[in-house]
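# Results of the structural survey
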Amino acid sequence: KLIVRSPRPLNLEAPLRELTAYHTPGDVFFVRNNYDAGPIDPAQWSVKIEGEVDNPLVLRLDDLKKLPAVGQDVALECAGNGRAFHNPRASGIQWENGAVGNQAWRGVRLADVLALARPRASGRHVAFDGADKPPTPQAPDFIRSVPMWKALSPHTLLAFEMGGRPLPH
């Protein structure tokens, strides 16, 4: 049902006609990748927290699931949604209107995870570096950050479920 905007790395857009339900069905939720990433084994997945913290740590998915879980409905939209309509043409994947979706997410508050690491006052941002790898040594790693105030917001989650199911690859 999805429109292939890029086969590699895989980027898929929902046809606008499929975006009619309050919760976007998983089979039509858009997919955005900057680089390729292999399948993730949930039993081996972990998150490492290091840097401006007093207690660096590594947590596995099972460790996260022992923390208080919360759920919330959140709409996600690629920043490039609508790029295909720019005049003059903008570079990048030519998303039309379907790089957006709304779902029920469940996970743990990032603030609760960071509290375990005890961030220092000198920490200003939380940077995220995923499992995807640059295709060549010349390509930069794709890392994004959020300011600490946003990381500590009670609405900021490390999600492990989407629509009541484990996150798909």
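Here's what I pulled together on the structure shown here.

A few words on the nonpolar core. Membership of the largest hydrophobic core comes to 19 residues, with the highest contact counts inside it found for Ile49, Leu64, Val108, Val113, Leu114 and Ala151. Elements with a minimum of two residues in this core: β3 (46–49), β4 (57–60), α1 (61–64), α2 (110–117), α3 (148–151) and β9 (157–162). Element by element, the count of residues in this core is highest for α2, at 4 residues. Counting residues in each nonpolar core, the second largest holds 8 residues, with Phe30, Cys78, Ile93 and Trp95 among its members.

This paragraph deals with the sheet that holds strand β5 (residues 69–77). The antiparallel open sheet is built from 4 strands, whose spatial order is β5-β6-β9-β10. Because the sheet does not close on itself, it has two edges, and the strands there are β5 and β10 (165–166). One ladder, built from 9 bridges, connects β5 with strand β6 (residues 100–109); its direction is antiparallel. Looking across to β6, one finds that Val70 is bridged to Gly107. Where α2 meets the sheet, its contacts fall on β6 and β9, and the angle it forms with β6 comes to roughly 35 degrees.

Turning next to unusual backbone geometry. Going from Arg8 to Pro9, the amide bond is cis rather than trans, its omega being -5 degrees. For Pro9, the position within the fold is in the loop between β1 (3–7) and β2 (10–13). Of note, the amide linkage connecting Asn87 to Pro88 takes the cis form, showing an omega dihedral of 5 degrees. By the element assignment, Pro88 lies in the loop between β5 and β6. Phi is positive for Arg118, which is not a glycine, with a value near 55 degrees. Here Arg118 lies in the loop between α2 and β7 (125–129).

Moving on: the pairing of β2. Pairing of β1 with β2, which is carried by 4 bridges, proceeds in the antiparallel orientation. Looking across to β2, one finds that Val4 is bridged to Leu12. In textbook terms, the turn of a hairpin is the stretch between consecutive antiparallel strands, and for β1 and β2 this stretch comprises 2 residues.

Reading the values: rules and limits
Residues numbered from 1 in each chain as written. Predicted model: local features only at pLDDT ≥ 70, side-chain atom pairs only at ≥ 80, totals over all residues. Heavy atoms only, no water. Core = buried A, V, L, I, M, F, W, Y, C linked by side-chain atoms within 4.5 Å. Buried < 20%, exposed > 50% of the residue type's maximum accessible area, 1.4 Å probe, protein only. Helix = DSSP H or I, 4+ residues; strand = E, 2+ residues; numbered from the N terminus. Pairing = 2+ DSSP bridges. Contact = heavy atoms within 4.5 Å. Axes fitted to C-alpha atoms, helices over the stretch in contact; angles between N-to-C directions.

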